Amino acid sequence: MTTSLQGGINRMMEQIDGPIATFFSSCVHCGLCADACLFYTETQNPKYTPIHKLEPMRRLWQQEFTFWGKLMSRLGLSKPVTDAELAAWEPLVYDSCTMCGRCSLACPVGNDIVYMVRKMREGMVVSGHAPDDIKGATQRAIELGGPMGITFATLQAHIKHAEKETGLTIPVDQIGADYMMVLSSAEIADFSEIIPAVTRIFDHAKVSWTFASDGFEGTNSGMQLGSSDLAAELVGRLVKAAERLKVKYVISPECGHAYTALRWEGPNLIGRPYPFKVVHIIELLDELRAAGRLRTEGMDDTRLTFHDPCQMVRRGGVVEQPRKLLKQVASNFVEMPNPGVQNWCCGGGGGVSAIERAEPLRQVAFKRKKSQLDAINVNTIVTSCSNCRNVLQDGLEHYHMPQQVVGLTELIAEHLAEKK
Amino acid sequence: MKDHDTLEHRLTQQGISRRSFLKFCTAMASLMALPPGTAPAIAAALAQAKRPSVIWLSFQECTGCTESLTRSHSPTLESLIFDMISLDYHHTLQAASGFAAEKSREDAMKDFYGKYLLLVDGSIPTKDNGIYSTIAGRTNLDLLQEAAKGAAAIVAVGSCAAFGGLPMAKPNPTGAAPVSDLIKDKPIINISGCPPIPSVITGVLAHYLTFGELPALDELGRPKAFYGETIHDRCYRRPFYDQGKFAKTFDDEGARNGWCLYELGCKGPTTHNACATTKWNGGAGFPIEAGHGCLGCSEPNFWDAGSFYTPLAAPTSNIGAIAGAAALAGAAAAVALSAADRAKKKSLQQTHEKLTVKDISN
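Quantities reported herein were computed from a predicted structural model and do not represent experimental measurements. (Residues numbered from 1 in each chain as written. Chains lettered and ligands numbered in written order. Predicted model: local features only at pLDDT ≥ 70, side-chain atom pairs only at ≥ 80, totals over all residues.)

**Quick look at the overall build of chain A**
The secondary structure content of chain A amounts to 23 helices and seven strands. Within chain A, buried positions represent 53% of all 420 residues. The contacts of chain A with a sequence gap of at least 6 include a subset with a gap of at least 24, amounting to 82%. (Helix = DSSP H or I, 4+ residues; strand = E, 2+ residues; numbered from the N terminus. Buried ≥ 20, exposed ≤ 12 C-beta atoms within 10 Å, placed from the backbone. Contact = placed C-beta atoms within 7 Å.)

**A closer look at the overall build of chain B**
Regarding its fold elements, chain B presents 16 helices and nine strands. The buried share of chain B, taken over its 362 residues, is 38%.

**A closer look at the pairing of strand β9 (residues 188-191) of chain B**
All names here are of chain B. Where burial is concerned, the two faces of β9 agree: the one with I188 and N190 and the one with I189 and I191 are both buried. Relative to β9, strand β7 (residues 151-157) is paired through four bridges, and the arrangement is parallel. Following the sheet pairing, V157 is matched in β9 by I191. (Pairing = 2+ DSSP bridges.)

**What about the packing of helix α2 (residues 18-31) of chain B against helix α3 (residues 38-48) of chain B?**
Residue and element names in this part refer to chain B. Remark: α2 packs on α3, axes separated minimally by 8 Å, with the N-to-C direction vectors making an angle of 125 degrees. Judged by the inter-axis angle, α2 sits oblique to α3. Crossing hand, α2 versus α3: right-handed. Counted together, F21, L22, C25, T26, M28 and A29 of α2 and T38, A39, I42, A43 and L46 of α3 form the full contact between these two elements. (Axes fitted to C-alpha atoms, helices over the stretch in contact; angles between N-to-C directions. Parallel < 35°, antiparallel > 145°, perpendicular 65-115°, else oblique. Left-handed = near helix turned anticlockwise from the far one by under 90°.)

**Quick look at the sheet that holds strand β7 (residues 404-407) of chain A**
Residue and element names in this part refer to chain A. The strand order β5-β6-β7 describes an open sheet built from three strands, whose pairing is parallel. Two strands in the sheet have a free side with no partner beyond their single neighbour: β5 (304-307) and β7. For this sheet, the mean angle separating the axes of adjacent strands, direction not counted, is 30 degrees. Taken together, the four bridges between β5 and strand β6 (residues 380-383) define a ladder with parallel strand orientation. Across the sheet, residue H307 finds its bridge partner in β6, namely T383.

**Considerations on the nonpolar core**
Judged by nonpolar contacts, the single largest core of 134 residues is most densely connected at A:C37, A:V117, A:M180, A:M181, A:V235, A:V250 and A:I251. For this core, the element with the most residues is helix α15 (residues 228-245) of chain A, which contributes 10 residues. Among residues more than four places away in sequence, those in contact with A:V250 are A:M180, A:V182, A:L238, A:A242, A:L262, A:F276 and A:V278. Counting 77 residues, the second largest nonpolar core, distinct from the first, contains B:A29, B:L119, B:A156 and B:A177. (Core = buried A, V, L, I, M, F, W, Y, C linked by C-beta atoms within 7 Å.)

**Here we look at the interface of chain B and chain A**
Opposite the 14 residues of chain B that make contact, chain A presents 20 residues. Tallied by class, residues from the side of chain B that touches chain A come to five nonpolar, four polar and five charged. (Nonpolar A, V, L, I, M, F, W, Y, C, P; charged D, E, K, R; others polar.)

**Observations regarding unusual backbone geometry**
Residue B:P171 is reached from B:K170 by a cis peptide bond, and omega for that bond is 5 degrees. By secondary structure assignment, the location of B:P171 is in the loop between α8 (158-163) and β8 (176-177). Of note, the amide linkage connecting B:C194 to B:P195 takes the cis form, showing an omega dihedral of 0 degrees. Here B:P195 is to be found in the loop between β9 and α10 (198-211). The backbone of A:N377 shows a phi angle near 55 degrees, a positive value even though the residue is not glycine. The topology assignment puts A:N377 in the loop between α21 (367-374) and β6.

**Structural notes on helix α17 (residues 281-290) of chain A**
Since the α-helix packs 3.6 residues into each turn, any two residues three or four apart lie on the same face. Residue and element names in this part refer to chain A. The buried fraction of α17 is high, at seven of 10 residues. Of the positions making up α17, those classed as buried are I281, I282, E283, L284, L285, D286 and L288. For α17, the elements touching its buried residues are β3 (249-252), β4 (277-280), α19 (320-329) and α23 (408-414). Looking one or two places after α17, you find G292, whose phi comes out positive at around 80 degrees.

**Focus: the pairing of β6(A)**
Residues and elements named next belong to chain A. For β6 and β7, the ladder comprises four bridges, and the chain directions are parallel. Note on β7: the bridge partner recorded for I381 is V405. Each parallel crossover has a hand, and the one from β6 via helix α22 (residues 386-398) to β7 is right-handed. (Right-handed = clockwise from strand over helix to strand, strands pointing away.)

**Details of the sheet that holds β3(A)**
Residue and element names in this part refer to chain A. Taken together, four strands build an open sheet; the order of strands is β2-β1-β3-β4 and the sheet is parallel. Since the sheet does not close on itself, it has two edges, and those belong to β2 (209-210) and β4, each with one partner. Across four bridges, the pairing between β3 and β4 is parallel. Across the sheet, the residue bridging to I251 is V279, located in β4.

**Topic: the confidence of the model for chain B**
In this model, chain B carries an average pLDDT of 86, and 94% of its residues clear a pLDDT of 70 or more. Taken over the whole predicted complex, pTM reads 0.62, whereas the ipTM for its chain interfaces reads 0.77. (pLDDT = per-residue confidence, 0-100.)

**What about helix α6 (residues 98-111) of chain B?**
All names here are of chain B. Taking 1.5 Å per residue, 14 residues should reach 20 Å; α6 reaches 20 Å between its end C-alpha atoms and fits that length. Of all the residues in α6, the buried ones are R105, A108 and M109. For α6, the arc enclosing every buried residue in end-on projection is 100 degrees, short of the 170-degree limit, so these residues lie on one face. Opposite the packed face of α6, turned more than 90 degrees from it, sit the exposed residues F99, A100, K103, K110 and D111. In this fold, the buried residues of α6 make contact with β1 (53-58), β2 (86-89), β3 (116-121) and α7 (140-149). (Expected span 1.5 Å × (residues − 1). Arc of directions from axis to C-beta.)

**Some details on the confidence of the model for chain A**
Of the residues in chain A, 99% have a pLDDT of 70 or more, and the chain-wide mean is 94. Mean pLDDT per element in chain A: helix α6 (residues 67-74) of chain A is the minimum at 90, and strand β1 (residues 179-181) of chain A is the maximum at 97.

**With respect to the packing of helix α7 (residues 83-95) of chain A against helix α9 (residues 113-126) of chain A**
Residues and elements named next belong to chain A. Packing of α7 against α9 brings their axes to within 11 Å, and their N-to-C directions diverge by 140 degrees. Judged by the angle between their axes, α7 and α9 are oblique. Where α7 crosses over α9, the handedness of that crossing is left-handed. Residues L86, E90 and V93 of α7 touch α9, and the partners they reach there are V117, M120, R121 and M124. Of the residues that constitute the contact of α7 with α9, the class distribution is five nonpolar, no polar and two charged.

**Considering the environment of B:E67**
Its place among the elements puts B:E67 in helix α4 (residues 64-70). For B:E67 and B:T92, which are 25 residues apart along the polypeptide, the C-alpha to C-alpha distance reads 9.6 Å.

**Side note on the environment of A:S384**
Residues and elements named next belong to chain A. Inspection of the secondary structure assignment puts S384 in the loop between β6 and α22. The class of S384 is buried, set by 30 C-beta atoms lying within 10 Å. Taking the C-alpha atoms as reference points, S384 and H307, 77 residues apart in sequence, are found 7.8 Å from one another. Setting aside anything within four residues of it in sequence, one finds S384 in contact with E254, I282, P309, M312, P322, G407 and L408.

Next up, the structure:
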């Protein structure tokens, strides 16, 4: 197929389902979603009102699926969706929406706005109006194995290095292991210390685990792009690998969208239930802690806070687990304002951090995170999403802020009790 | 030379003084809301008026209208003036019968072609070629059409002739229709009421005799002079309505105190007639004075407008059933519309072309 306006419109109509029809007809135009969106609060530009980002799809719904809308368009009284309009909306649907879901939480009538953004992107990509950077990332993911062009050979090099560092053997393609570990490209490329960290933790807690050579990368830029066809292909690789290795669990990496793609969207994308369960690495660590299998020693007395990744708290409900883990190893933990489900996005989720032209806007939006951090004066920010971690580091550098950013899993690994 | 066929002459013959006659003319002028100065004109015109030929045709009716007219109390001028017209054909009143009766009708139609007044009471059945009511072997429809041809004007007396009346009530088995539905090329005046007030009938005739034309009519073809205001507007119980004092039953304190009968179903607020001013039975009273609400008999379709005892503000039909039917119809329409929407979506899903990596390659 080729991308075209009509193709995009048809795809968008295909996406308009019961929930979307209900949401659009329920919207009371109160504008409360605007104040929930960091792109609006930091710019005060009304075009960033979340529901406004869906305007072309709303009109399409009205014209194609409502009685009066159909009547009006038959009479030639409605404004059709044009190619120029979709082009103008591309920055609103992609650059200024991290799919953080804060607007969905704020909506007084319960409209899941981020659900609609996700669906609208399906039409946008078929119409040819998706950012080149996310398209490129998806292409690399499909063709090479990861959005940053990382192949299994790259991971193998890190595995060797980690085996040397820890003196432990890292299982690969181990059939019948309980857990299959999946990583994000950002972890492999920028935060590879996660590999020795999980190796030591799993050895300590006696977890039966393995990497899969044909399913090691969990990010899903197909989902960020808004193509279920491509997202299904990416998630299908992990499912195939997990089924081949007959694992009971697949561990989602410290990556928000990988978690959403694998845990929530995956079965719908491939059209069938998984024969295994998906857990986030932090969920697993907290289970191990609760079972007494994760013994730590020593307390970090650095003044630190925890940045809740949107997909973890709002879409995933993982709120208490990271705090319980943190309190086991940190004596000077403080919450930032609006912690947990109301936390503000780092500004780079949902593919935004991959869009180069969105960088200036993203830094403006980061002022929201900056104000949260300014309020608590910490030295360290702990998080459990490698993309948040990258974006936080970018923002801190941009605003000349001194804080360090560390991953929660690595922090736990540093405090593992010595074997007796 | 005195014309022996004039009204004045006939009145004198019957012992009606000129004084009484003038009183009648003044009363008529005021009744029809004409300027007081027109009373002498009426008198002059009436005095010299020739007796016009009148053919009275009775169709699907109960003879109540004729009763109303003839029972107006003797010796009232109403009945007398009726004598002053040349009533050439009237079932109930004529002495002749059979062929002789029909012949007098035919003669009048021939002799006064284009000049006679045609009075009609009763509705006309139209279903099955009008066979539901025939006179001398001819259908009412046929008789009406024949008589209408040479009429100067038609006066539809009573609600049946004016608006269809009880014969036209649901389910209208005879296909009854009012005169105005069947005759389109003649001036028609509707004197509605079940029955109409006698002086209204005579008033209209007096107007016609005086001015040679029909009085000003409202949108339903009724003379404005008598049907210009509602019973409610002229009702002596109106002050109670304005004070919110209503009788709740026919024997409660409110009813005994003469309070407004609105809540007992009085149709006065929507009924245009002169009952409250001219009254009935020689001014003895009118229904509301007798303690019963107005039935609305001078308005079209009053017989199908719900119970006489249901207040006007209450729905006249089975609102629950209608709402249920509307909800069902709405649901059916919604199901049909959503089925169309589903079909649209399904066809899009069936023609879904997979997006491949080639489509997003830069």
